[in-house]
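A structural walkthrough
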Amino acid sequence: MTEPRESPRGISRQTFLRGAVGAVATSAVFGTNRAGAEPGASSGWGDLATAIKGPVILPDNGQFASAKAVFNTNFNDFAPAAIVTPTSAAEVQQAMAFAAAHNVKVAPRGGGHSYVGASTATGAMILDLRQLPGGVNYDAATGHVTVTPATGLYTIHQALAANGRGIPTGTCPTVGAAGHALGGGLGAQSRHAGLMCDQLVSATVVLPGGTGVVASANEHPDLFWALKGGGGGNFGVTTALTFATFPTSDVDAVGLHFPLESFAQVLLGWQNWLRTADRSSWALADTITDPGGAHCRILATCPAGSGDAAAAAVSKAVGLQPMSVEKHTFNYLDLVQYLAVNNLNPSPLGYVGGSDVFPSITPAAAQGIAAAFNAFPAGAGRPLVIMHALDGALATVGPGDTAFPWRRQSALVQWYVETSGSPAAAANWLSTAHQAVAPYSVGGYVNYLEANQPASRYFGTNLSRLAAVRQKYDPGRVMFSGLNF
């Protein structure tokens, strides 16, 4: 599929200001609604609602509470100024021009899964992108797939599986494509196919002010670089993304379960096995907390027919016989479903999370990770500690070739708590977990963003270049993303 260079219905900010909303918007800039003031229906929202087909929902609307809800229910008490649901890329441009004219922050929403509720913000315009037309379009001639920003990962896998193709993503099926890919996109295919952002071919972006552009290796290459791991919502609003795909085949999935007290040993064995494993194999190591108690696991995938050998090799690397072993053979889509069920909860809920990146999992680092899990306070929720590998194809890309910086590190830990009641206790534990591994951590993963953390924690030496791109494309800081740089 050839991606359009600009929406045929696209408009510039200047054209918009001369249109249906122009008189109100212009008076707002120079008249009563000075910079920093929050616009109400009387100062333009009604005109925006008239100018676009999609709904503009204000706080006095009975549907506002449901319209502003996000996947992470801990942030449903936020009070946006309005929820705007564009039905075309042109309407995104109109809404962005309106926001710039009225000095309103914009928070784009795709899947709404942000750890810090970045797709909702008090006083901001929420651009709900779930009604953009297009869905998933696969082009057999190029092997490329084009998707809208809020398209769920499972929906993409489902469409690609019908064509015998796949794409590297994380495992939660309802995560939106844009937020996931723009932050990197780490998952079970990363050892052989890299990050989701590594497969990005081009993106259509509406910049603050309303101008639509295409970013690719040849057009706006600085913006394209920043979109590949620089975090969602920092530079504009993506309305379409095109990715390369790969051919799929059947795989074996092997789960090896160990007692919790061996977690540190299991982490070292997990890393040692990955160091020698072919890129067609992958594994995570995690903790599992269920009604029967807690234990730890290595969940590996490998080419169909090699599961028994992989299980034996993992056991040898750990140096301990597992309590139990489960093995399955899956086609690609069944594997996607299996990983979704066996990882994070796919339904809306409250959660707190974060991450740490490690150059290597040393014995001391492994002990720190295990100690952090053991320190989780009773009654604070359901904790998970999930180890992700940063090797294979992911590591063939240079640290400065994309905005995602962690190309020469070994692993990252995802700290995650499904909270019960107040999330405060879980947040306090997260601080404790960071402290437990502080001597060994070099940063964090921006898709597991935490509040009140410096951007340097997520981008390392790429931050200065990223900040320059943001200054170029969003000098007025119209975009709200939960990051300050």
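Residues numbered from 1 in each chain as written. Predicted model: local features only at pLDDT ≥ 70, side-chain atom pairs only at ≥ 80, totals over all residues. Heavy atoms only, no water.

As paired strands, strand β5 (residues 136-139) and strand β6 (residues 144-147) are joined by four bridges and run antiparallel to one another. Paired with tyrosine 138 across the strands is valine 145, a residue of β6. Following β5, the chain reverses through four residues before pairing antiparallel with β6; glycine 143 in that reversal takes a positive phi of roughly 75°. As defined by bridge partners, β6 adjoins strand β10 (residues 237-244) across four bridges and the pair is classed as antiparallel. Looking at β10, one finds that histidine 144 is bridged to alanine 244. (Pairing = 2+ DSSP bridges. Helix = DSSP H or I, 4+ residues; strand = E, 2+ residues; numbered from the N terminus.)

Let's shift gears to the packing of helix α10 (residues 263-276) against helix α11 (residues 307-318). Between α10 and α11, the shortest axis-to-axis distance is 7 Å and the interhelical angle comes to 125°. Here α10 lies oblique to α11, going by the angle between them. The two elements α10 and α11 meet at a crossing, and its hand is right-handed. From α10, Gln265, Val266, Gly269, Trp270 and Trp273 reach across to α11, where they touch Ala310, Ala313, Val314, Ala317 and Val318. (Axes fitted to C-alpha atoms, helices over the stretch in contact; angles between N-to-C directions. Parallel < 35°, antiparallel > 145°, perpendicular 65-115°, else oblique. Left-handed = near helix turned anticlockwise from the far one by under 90°. Contact = heavy atoms within 4.5 Å.)

Another aspect to go through is the UniProt feature "domain: FAD-binding PCMH-type" (unreviewed entry) in the protein chain. Per the UniProt annotation, the sites labelled "domain: FAD-binding PCMH-type" (unreviewed entry) are residues 76-248. With 23% helix and 25% strand, residues 76-248 has its two end C-alpha atoms placed 39 Å apart. (UniProt positions renumbered as here; feature names shortened; annotations may be inferred.)

Turning to the packing of helix α6 (residues 153-161) against helix α12 (residues 332-341), a few remarks are in order. One way to put it is that α6 packs onto α12 with a least axis distance of 9 Å and a crossing angle of 165°. Taken together, the axes of α6 and α12 are roughly antiparallel relative to one another. Here α6 and α12 pass one another in a crossing that is left-handed. Contacts between α6 and α12 involve Tyr154, His157, Gln158 and Ala161 from the former and Tyr332, Leu333, Val336 and Gln337 from the latter. Residues belonging to the contact of α6 with α12 are distributed by class as follows: five nonpolar, three polar and no charged. (Nonpolar A, V, L, I, M, F, W, Y, C, P; charged D, E, K, R; others polar.)

Here we come to empty space enclosed by the protein. Throughout the structure, instances matching the rule amount to four cavities of 30 Å³ or more. The computed volume of the largest cavity comes to approximately 880 Å³. Contributing to the lining of the largest cavity are 50 residues, with His113, Ser114, Gly179, His180 and Asn447 lying nearest its centre. Going through the elements one at a time, β3 (106-109), α7 (177-182), β10 and β18 (411-419) are the ones with two or more residues in the lining of the largest cavity. Its residues assigned to classes, the lining of the largest cavity shows 24 nonpolar, 25 polar and one charged. Estimated volume of the second largest cavity: approximately 100 Å³. What lines the second largest cavity is a set of 14 residues, among which His157, Thr169, Gly170, Val336 and Leu339 lie closest to the centre. (1 Å grid on protein atoms, 1.4 Å probe; cavity = no way out; pocket = protein on both sides within 12 Å on 5 of 7 lines; lining within 4 Å. Points joined across faces, edges and corners; volume = space filled by probe spheres on them.)

Here we come to the sheet that holds strand β12 (residues 251-259). Reading across the sheet, the seven strands line up as β15-β12-β14-β13-β17-β18-β16 and stay open at both edges, with antiparallel pairing between neighbours. Looking at strand neighbours, the two that pair on one side only are β15 (324-330) and β16 (351-358), the edges of this open sheet. Neighbouring strand axes in the sheet, compared pairwise and without regard to direction, differ in orientation by 15° on average. With eight bridges connecting them, β16 and β18 associate as antiparallel partners. Each residue of the ladder has a partner; that of glycine 353, found in β18, is tyrosine 416. Helix-sheet contacts for α10 involve β12, β13 (282-290), β14 (293-303), β17 (381-389) and β18, and the interaxial angle to β13 is about 160°. Lying on the sheet, helix α13 (residues 363-374) is in contact with β13, β14, β16, β17 and β18; it crosses β17 at an angle near 165°.

This brings us to the pairing of strand β4 (residues 125-128). Both faces of β4 are covered, namely the face carrying Met125 and Leu127 and the face carrying Ile126 and Asp128. Bridge count for strand β2 (residues 82-84) against β4 is three bridges, and the pairing is parallel. Of the residues in β4, the one forming a bridge with isoleucine 83 is isoleucine 126. Two elements, β3 and β4, share four bridges in a ladder whose sense is parallel. Looking across to β4, one finds that valine 106 is bridged to methionine 125. (Buried < 20%, exposed > 50% of the residue type's maximum accessible area, 1.4 Å probe, protein only.)

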